[in-house]
Amino acid sequence: MRLSRGRGDSAEGLNTKFTKTRYMSTPPDVEEEGVSVSSGAVVYEVAPDCTREDIEVGELYGAEVNGVVDYGVFVDLSSSLSGLVHESELDESYGVGDGLVVRLIEERDNGDLGFAAVDVDLSDHPTETRRHAYETTDVSDLDAARGETVSIKGDVVRIEQTGGPTVFRVRDGSGIVPCAAFEAAGVRAYPDVEIDDVVRVVGVPERRDEGIQIEVDSLSRPDGEEAEAVTSGLEAALTDRAAPHDVDPLIDWDALDTLRPGLGEVATLLRRAVLDGRPIRIRHHADGDGMCASLPTQLALENFAERVYDDPSVTQHMIKRLPSKAPFYEMEDVVRDLNYALGNRDRHGQRMPFFLMLDNGSTEEDVPAYRTLAEYDVPIAVVDHHHPDPDAVGPLLDAHVNPYLEGEDYAVTTGMCCVELARMIDPDLTNDLRHVPAVAGLSDRSDAEAMTDYLNLAEEAGYDEGHLRDIGEALDYAAFWLRYNDGRHLVDDLLDLGGDGDRHRELISLLAARAERDVKRQLDATLRHTETDELANGARCVRIDLEDYAHRFTYPPPGKTTGKIHDRTVAEYGEPVITIGYGPDFAVLRSDGVRLDIPRTVTELTDELPGAGVSGGGHLVVGSIKFMAGKRETVLDRLIEKLGEADLDEELGSAAVAGFED
Amino acid sequence: MRLSRGRGDSAEGLNTKFTKTRYMSTPPDVEEEGVSVSSGAVVYEVAPDCTREDIEVGELYGAEVNGVVDYGVFVDLSSSLSGLVHESELDESYGVGDGLVVRLIEERDNGDLGFAAVDVDLSDHPTETRRHAYETTDVSDLDAARGETVSIKGDVVRIEQTGGPTVFRVRDGSGIVPCAAFEAAGVRAYPDVEIDDVVRVVGVPERRDEGIQIEVDSLSRPDGEEAEAVTSGLEAALTDRAAPHDVDPLIDWDALDTLRPGLGEVATLLRRAVLDGRPIRIRHHADGDGMCASLPTQLALENFAERVYDDPSVTQHMIKRLPSKAPFYEMEDVVRDLNYALGNRDRHGQRMPFFLMLDNGSTEEDVPAYRTLAEYDVPIAVVDHHHPDPDAVGPLLDAHVNPYLEGEDYAVTTGMCCVELARMIDPDLTNDLRHVPAVAGLSDRSDAEAMTDYLNLAEEAGYDEGHLRDIGEALDYAAFWLRYNDGRHLVDDLLDLGGDGDRHRELISLLAARAERDVKRQLDATLRHTETDELANGARCVRIDLEDYAHRFTYPPPGKTTGKIHDRTVAEYGEPVITIGYGPDFAVLRSDGVRLDIPRTVTELTDELPGAGVSGGGHLVVGSIKFMAGKRETVLDRLIEKLGEADLDEELGSAAVAGFED
Amino acid sequence: MRLSRGRGDSAEGLNTKFTKTRYMSTPPDVEEEGVSVSSGAVVYEVAPDCTREDIEVGELYGAEVNGVVDYGVFVDLSSSLSGLVHESELDESYGVGDGLVVRLIEERDNGDLGFAAVDVDLSDHPTETRRHAYETTDVSDLDAARGETVSIKGDVVRIEQTGGPTVFRVRDGSGIVPCAAFEAAGVRAYPDVEIDDVVRVVGVPERRDEGIQIEVDSLSRPDGEEAEAVTSGLEAALTDRAAPHDVDPLIDWDALDTLRPGLGEVATLLRRAVLDGRPIRIRHHADGDGMCASLPTQLALENFAERVYDDPSVTQHMIKRLPSKAPFYEMEDVVRDLNYALGNRDRHGQRMPFFLMLDNGSTEEDVPAYRTLAEYDVPIAVVDHHHPDPDAVGPLLDAHVNPYLEGEDYAVTTGMCCVELARMIDPDLTNDLRHVPAVAGLSDRSDAEAMTDYLNLAEEAGYDEGHLRDIGEALDYAAFWLRYNDGRHLVDDLLDLGGDGDRHRELISLLAARAERDVKRQLDATLRHTETDELANGARCVRIDLEDYAHRFTYPPPGKTTGKIHDRTVAEYGEPVITIGYGPDFAVLRSDGVRLDIPRTVTELTDELPGAGVSGGGHLVVGSIKFMAGKRETVLDRLIEKLGEADLDEELGSAAVAGFED
């Protein structure tokens, strides 16, 4: 049969004359003759890049007559594959330009192809495009294949529509590469392809300013079986690559060991996020321990991302660190973080980020923020040593590491945990981090016995205890002035991560001295105005009006000021001491040698003083309280009365006040 | 005559040997001979891209001898047009390289050109460049002409000097295209060409990452007549394209109908701004109604701009939404907006923006800001339902839509108006916006009868009244935490504009519950501390000290807190009620059932209490007052006294407090 | 001897067959024969771009046989240099591809090269690459050499690693050019090359969007002697180019003349910073004088940078102006400035910036900030007229210009100094700046006799005194609302620097009127609440509680409010007057006709009132004091007592309060 053919040539250069007519099928009453065709056999349209290796004797192809000779007709399967249909294999006559279906019946040694015309009812025959079977190239090998046509297989991790091409970032087990496909300026190419689809990209890797990019010739979604093979291969490769490094802990410590499986899980989630092209946002408490936790983690993730992407601009946008003043995730922060993430998704086709909460994020106060994130399927992990509300936050988290969940306490600081976390992500950091757990421990007043080992470890690395304390003070001081700025470059130097050691020391000595001078000035001002009572239980209670008698809006802030007054009092008079720094509508508490339960006290005050608007909490013996300015006297009087009813206990002390210093 | 000729070749490739000598004219005493030349005939310099179609028998051309033969000389008009001057048409001898003026005397069928040398006194003959008469291509058709030389005509809407080329954005009736002209790195090309000039650009459209760009071969300003034709054609096309869509209003409502001509005018101004390449800045009140007004308008303008520019990066920079906490345009905001706009003008050659004020901008308090903008010829339009001062702002505005100007009142909210405005700009949005007027009305407590229709419309679209109220509360809550951030992506989801419906519902239920919980907490705290008096007129007066007895710096803020206390009081005791929430130097007023005139009361207090620094205002029965902290008691006492003198009127109530809640 | 050779071809295209084998040397017992080779002679590998001019008879070269003929072998030194080794010059036989060392023995007139094979022990012969001796092109001439291979010499001022090439900015005496070297995507090319290294770059200048860029073929560090020649030539050229212009001062004034050498020094430092590719950050007091100082300086530096770089985007990033509210460099500002600079260094390879402090930066309060910057080797210069602590800041500064250091006083305002500074940097600005010193003087109430000359100068330029005062008020007003924004474009118009004169006048009249209205409103409010006493010394003492009786958070702020009350009082009652505006924890002082020494008074109060937290200072007769809110009464009482003990002196007055108005 002769097929009536349309004209035209598609953007992809396929043999579309053939395609477009979809083989206007012969009427059912025409008998097939000469060549037997099994109904259901696929008819292939041959793409122009196909070679003889891509076709096979016995298969059916769409073809177009390009020449008529005495002994038959010459046909093109594509611009590069042609052959003869001998007259013996024809049952009617054709003219140049006619379309027909042929079966390949012979490939001669000299390369000539021989076909037979077949008469098919196309409603019985699916048509498919036969593409050149490029060998699949690994993304990590593209640099060597620049300028050649290659094929890669993987899944799509990001789709960005530019004013020109659509850029698909395609990932295989070895890396991720941007693939630029142009339909028309600003028009989405391959609109059916979505994030997470498995695709096969044929194109030419070219060097661009930002690295290697594939100029796409074709992008297709493999069929079920092939796609599954890609997915499972990819999953295996990614699982393998996401696995944390098996590093020995810096010191032997049972308390920390119980947390290592959880940290490994967090490391896996984070490495996998990097491999998935998912941005990571580290929200951390802006104090010494919080920085000892977040800086190494950020560094480790950046190093890993640089190895995966080979593109510094990607790393920079992928990992961001966001300091929080409060020890929980404030609504104000989450609406902004979320909106920013949504903007990146819309404008740059980024996935929603992975949120990692450090030294932060364990309590009921975080729930509204987490719930909001949950609406957008944002994964969240927490590493923290503040007293947790696991029932409240647990269901909302992908991972939660907290010493209290393992029967340990605040003495295992977040910084100690995250140094191990960072090493699981990038073990090469080990040597740079040996002093960091000690800084974290001193900053958060960890009374762990392991502190001796950490101090020794730091000592071996060249940091004596005085210097470590100074680092903590300098970090605190810098964090205060940096406010919501991550201060990346400055704090890296302060914590001595990969910078100039001499400058680190000069800078620490400078800022620690400034911090000390400001603390001294604050103590000079405040100590004269403290009021001291002996409570019913014999504890010394020191009160200071921070609004009237402290320097405000400067370092040290109210929480730290209260802590310093407390420390001075304990040093002078010994335990038991309770110190209360108060402003118009808040009070900060520190205690040593008294068995307080501040969360319970707050609950009682809330109940006993309706309308006083009491809220707050914290650790058992250290915390903060908010109340209505108009009820300050009432609240403070009742608070002090309650504090005087507590038992004395010389084991208890004002450590881990990290969350309440500001 | 033989012309003495210089050497050289211009960047444009014109026959400049000829040009540069400007035909050193023969001495006046030399007689013309053989060929008669009418004085004043133009001598053309032929550009290299000219073809035979561009020259005409009888015209004069500058030429250069490129060969001498026995029977005459061969001459070049350009690198691509040559011909013979037969010896019979020569009256002196020439050598290769000599310049002369010739007349085209014959075009043979075989393509040969025959010229005659003419002897001209150039002071009598203007010279002009003859360029190839490219057919003018529409900007919207450039994509199809990539790689070919084309000509476009239009006006210049932006000129950006890069470190490389100068980029002129040229607009015709069909679109706008960047045209890159290179003089030298960072040097302004065609320095005489300014914004708004009509130009003809010859060049090659190429695809760039950001879309189509023309690489300029030449850019010229057509002469008067041609320019006028372009201008009037362009003006007609733009006027046509700027015209708003003629959409039927969502509901039948006379009050809104009176505003539709004005809204059409604003739609025209906005569409024209987009067509003119002028950025649009939407300053809106950051509350529920303000967002119901500004989000649809932003979306409609973005859709329109995308159709005009085909370049997402342009759209993104062109339309920006800026929330304002105050219900007027603060000096702080205008100096920043203005400076930002001036920076964009200087750095990116952008026009000054069009300012659209929504739910905002009708009062005398806006005048200083408007006057400042006026210095820079910044156009401003207002759509608002706050009580206007048309005498003050009218002369400064390009358009002012406000129900009070048409004898209507606040019940026609800005959101209701702007849904119609958005539909006039992009009618395809209609289906997405059917619930928005109801949200706007509920948020601003519109008592319009049309609310029934709007609620029904929303109901049909799947939003029941409870959910609409929740949307309003959630918008308010999110706006509070977003502060000066436009929160684009989050609030689109909250208002359910084009996002995921399920997520919208989850998110609304989450945030509305948070808002409700916070309101409850605030009421629990404050209600115990209200002081209640019966005023002389029998109204119940409720006072609350917000500084001492309300949670501060959290949601709900003072204005909303006062409103909630008021609502609760009315619900419990019925009208008449006046509620006053006060801080150290301000008071917020809400009333129901009392015929207040707060603006007049403020004026009286200002006069009666000199030195108390009283200012403020608002609606008749709802408003806010500022005063000196040191005079609070005096001001409040006198205020309450005056409130007690007002007549009761059960028709009046605390609606439309949008401007005073924060 | 025949050398056994490896295969391969390096990225640089050098004759590496030769290189890689390093001429596996013959065993020591093989005698050299026929050709005498002095031990130690260099064997050159010839780069492919070498021509005959680059080789010399008598030298030794690595070669490869490319053909064998009866009479000898043809050898390649490179892909473009070949010649014959006659059989008479061979002592063994070679095959195509063999490597050997040859000596050039003849260059015939027809261009043929004749070589002799030599047998060398390579351990005695260093090998070097012989590169083509390009003539060195000046960076300023690169535009004309686009597309050709050129060589430049200079030092590296910036190294930026992109995701693609590494970009070295190389400077010679004539300019700076980016040189892009590609190793692999995102991999640092030439990792040994650092900032400040002297380099020779061979490559091809190409035009990029941002200007000319060299695509690097090779980048090398010249040896000692050549490097020294480059360095000293460069240093001479830069020193020459950095030298300030020798401009005549705008007026004759001895007091200013004493500062001119210092200003010349600052001009040199700044011009040199531009030439060194070092960013400049101008931290200036955000008041009238501070803006009169910083705007002209910024403009002059931008003009100079544009001449040096020919790239507007460079200029924009290089010069930034940062307003400071406080008259000293706050810790909060320095940690952010520093972190920002470190980020630019890391991300964009920028040098650390040069900090120029204007109307700011002379006192002990600046020391912590300066010390912090010093850790990062950040150069700092100060031009200021606040009373300096030269002992404290001197050692930390690269230059310090201050009238007090020359026996002059505040009457020489910073704006007056910086107009001369700006003219030394760019004398073409002279005509635009003639009114600026008068504005500076009026803003800071300079009582210099030279003010008459400055006012005349401004008058000649078309600015009368009333308008100049209005400019000062408008600048103050705008600075208040701009807060930390530099307001570049707006304030340029306010100061009439290069903008539209008509708009300047309209804008000034608008903003000055707004400022005046706001001042009047503030005076109306406050004047009724002042308390007036006659002090022991007979001075009139006016006190105002700014917390309770002034409009807050609006213009005019507390300092300016106090000043206006003071001026009004002096105008009404005459001297002596002391005015104290106080808030909860601060007081602002103004005085006329009293010999105060505020710094000494503060010191005394600090000593006498321990725990009152008194700090502060300022000028002798104008200043501000901070204290604990709880000790306000005590401090103010004692302060007033002390003020009453001061001698009267009608010469002294409240000028130069610039630092204390906010």
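Rules and cut-offs
For every chain, the first residue of the written sequence is number 1, and numbering continues from 1 onward in sequence order. Each chain is given a letter, starting from A, and each ligand a number, starting from 1, according to the order in which they appear as written. Given that this is a predicted model, residues contribute local features only at a pLDDT of at least 70 and side-chain atom pairs are listed and counted only at 80 or more, while totals for whole chains, interfaces and linings are drawn from all residues. Neither water nor hydrogens contribute to the side-chain values; these are computed over all heavy atoms in the structure. Under the DSSP-based scheme used, a helix requires at least four consecutive residues in state H or I and a strand at least two consecutive residues in state E, with every element numbered from the N terminus. Two things to know: the radius of gyration comes from C-alpha atoms, and the globule rule equals 2.2 Å times the number of residues to the power 0.38. When a residue's accessible area, from a 1.4 Å probe over protein chains only, is under 20% of the maximum for its type it is buried; when over 50% it is exposed; and in between it is partly exposed. Any pair of residues with heavy atoms lying within 4.5 Å of one another is described as a contacting pair. Throughout, the Shrake-Rupley method with a 1.4 Å probe supplies accessible areas, and for residues the shown protein chains are the sole cover considered. Fitting of the copies onto one another was done by least squares over C-alpha atoms, counting residues only where both copies have pLDDT of at least 70. What gets called buried area is simply the loss in accessible area from a 1.4 Å probe that two parts show on being joined, summed for both. We count a salt bridge whenever a side-chain nitrogen from Lys or Arg sits within 4 Å of a carboxyl oxygen from Asp or Glu. In the analysis that follows, any N or O atom pair within 3.5 Å is treated as a polar contact, provided that within protein one partner can donate a hydrogen and the other can accept it, and provided that, for residues neighboring in sequence, both atoms belong to side chains. Under the scheme applied, nonpolar residues are Ala, Val, Leu, Ile, Met, Phe, Trp, Tyr, Cys and Pro; charged residues are Asp, Glu, Lys and Arg; polar residues are all the others, including Gly. What marks off one domain from the next here is an automatic or database domain assignment. Here the aromatic set is Phe, Tyr and Trp, taking the six-membered ring for Trp, and pairing holds for ring centres within 6.5 Å; pairs whose planes are under 30 degrees apart are stacked, those over 60 apart are edge-to-face, and all others are tilted. Put simply, a nonpolar core is a bunch of buried Ala, Val, Leu, Ile, Met, Phe, Trp, Tyr and Cys residues held in one set by side-chain atoms that sit within 4.5 Å of each other. A strand pair is defined by DSSP finding two or more bridges across the two strands. All axes are obtained by fitting lines to C-alpha atoms, using only the stretch in contact for helices, and the reported angles, taken between N-to-C directions, cover 0 to 180 degrees.

Let's shift gears to the overall build of chain A. The helix and strand tally for chain A stands at 19 helices and 23 strands. Over its C-alpha atoms chain A spans a radius of gyration of 35 Å, topping by over 25% the 26 Å that the globule rule assigns to 662 residues. Relative to its 662 residues, chain A shows a buried fraction of 59%. Of the contacts made within chain A by residues no fewer than 6 positions apart, 68% connect residues no fewer than 24 positions apart. When the accessible surface of chain A is split by element, carbon and sulfur atoms take 43% of a total near 25900 Å².

With that settled, consider the relation of the copies chain A and chain B. When chain A is brought onto chain B, the operation consists of a screw motion whose angular component is 120° and whose axial shift is 0.1 Å, with 0.3 Å RMSD remaining. The operation mapping one copy onto its partner corresponds to a three-fold rotation axis. A share of only 3% of the interface residues of chain A reappears at the interface of chain B, consistent with the copies meeting through non-equivalent patches.

Okay, the interface of chain C and chain A next. Each partner contributes residues to the interface: chain C has 34 residues there, and chain A has 38 residues. Summed over both sides, the interface of chain C with chain A buries roughly 3000 Å², with 58% coming from carbon and sulfur. Sorting the residues of chain C by area buried against chain A places Asn339, Glu375 and Met628 of chain C first, and these three jointly supply 19% of that buried surface. Linking chain C with chain A are two salt bridges, by the criterion used here. The partner of Glu332 of chain C in a salt bridge is Arg483 of chain A, and the shortest N-O contact between them spans 2.8 Å. Inspection of the region where chain C meets chain A yields 11 residue pairs in polar contact (both at pLDDT 80 or more). For the side of chain C that touches chain A, the secondary-structure elements that each account for two or more residues are helix 7 (331-348) and helix 8 (367-374) of chain C. The dominant element in the side of chain C that touches chain A, judged by the number of residues it contributes, is helix 7 of chain C, at 11 residues. Across the side of chain C that touches chain A, the residue classes tally to 14 nonpolar, 10 polar and 10 charged.

Domain parsing of chain A yields domain 1 (11-130), domain 2 (139-240), domain 3 (251-510) and domain 4 (530-660). Placing the centre of domain 1 of chain A and that of domain 3 of chain A at their C-alpha centroids yields a distance of 64 Å.

Below, the discussion takes up the packing of aromatic side chains. Taken as a whole, this structure holds 27 aromatic pairs over all chains when the rule is applied. The interplanar angle of 85° and the centroid separation of 5.0 Å between the aromatic rings of Tyr477 of chain A and Tyr555 of chain A together place this pair among those described as edge-to-face. Of this pair, Tyr477 of chain A sits in helix 13 (residues 465-482) while Tyr555 of chain A is found in the loop between helix 16 (546-549) and helix 17 (558-573), placing the two residues 78 residues apart along the sequence. Residue class for Tyr477 of chain A comes out buried when judged on its relative accessible area of 1%. For the ring pair Tyr477 of chain B and Trp481 of chain B, a centre distance of 6.3 Å and an interplane angle of 85° mean the geometry is edge-to-face.

With that settled, consider the nonpolar core. Residue and element names in this part refer to chain A. Trp253 and Val274 are the most contacted members of the largest nonpolar core, which has 120 residues in total. For this core, the leading source of residues is helix 5 (residues 288-309), giving 11 residues. What Val274 contacts, discounting residues up to four positions off in sequence, is Ile280, Leu301, Phe304, Ala305, Val308, Tyr309, Met318 and Ile319.

Before going further, it helps to examine the pairing of strand 20 (residues 577-582) of chain A. Residues and elements named next belong to chain A. Extensive coverage of strand 20 is indicated by the burial of six of its six residues. Of the two faces of strand 20, the one carrying Val577, Thr579 and Gly581 and the one carrying Ile578, Ile580 and Tyr582 are both buried. Hairpin connection between strand 20 and strand 21 (residues 586-592): a loop of three residues separates the two successive antiparallel strands.

Residues and elements named next belong to chain A. Following the sequence through the fold, Glu160 ends up in strand 8 (residues 150-161). By relative accessible area, Glu160 is classed as buried at 17%. At 3.5 Å, the side chain of Glu160 forms a polar contact with the side chain of Arg158.

Residue and element names in this part refer to chain A. Counting buried residues in strand 9 (residues 166-172) gives six out of seven residues, a clear majority hidden from the surface. Inspection of the sheet shows strand 8 paired to strand 9 by six bridges, in the antiparallel sense. Each residue of the ladder has a partner; that of Ile159, found in strand 9, is Phe168. Examined bridge by bridge, strand 9 and strand 10 (residues 175-181) share seven bridges and lie antiparallel to one another. The residue bridging Arg171 from the neighbouring strand is Ile176, located in strand 10. Here strand 9 folds back onto strand 10, and the loop between the two strands holds two residues.

All names here are of chain B. Around the barrel, five strands lie side by side as 8-9-10-12-11; this closed barrel has mixed pairing. Going from strand to strand, the sheet's axes swing by 55° on average, the running direction of each strand aside. Looking at chain direction, strand 10 (residues 175-181) and strand 12 (residues 211-220) are connected through two bridges and run parallel. The residue bridging Cys179 from the neighbouring strand is Ile214, located in strand 12. Packed onto the sheet, helix 2 (residues 224-242) meets strand 8 (150-161), strand 9 (166-172), strand 10 and strand 11 (198-208) and runs at close to 75° relative to strand 8.

Counting residues at the interface gives 33 residues for chain A, matched by 39 residues for chain B. Of the roughly 3000 Å² buried between chain A and chain B, counting both surfaces, carbon and sulfur atoms make up 58%. The shortest N-O distance in the salt bridge between Asp585 of chain A and Arg552 of chain B comes to 3.2 Å. Counting across the chain A and chain B interface gives 11 residue pairs in polar contact (both at pLDDT 80 or more). Put simply, the parts of the chain that give the side of chain A that touches chain B at least two residues each are helix 7 (331-348) and helix 8 (367-374) of chain A. At 11 residues, helix 7 of chain A tops the list of elements feeding residues into the side of chain A that touches chain B. Tallied by class, residues from the side of chain A that touches chain B come to 13 nonpolar, 10 polar and 10 charged.

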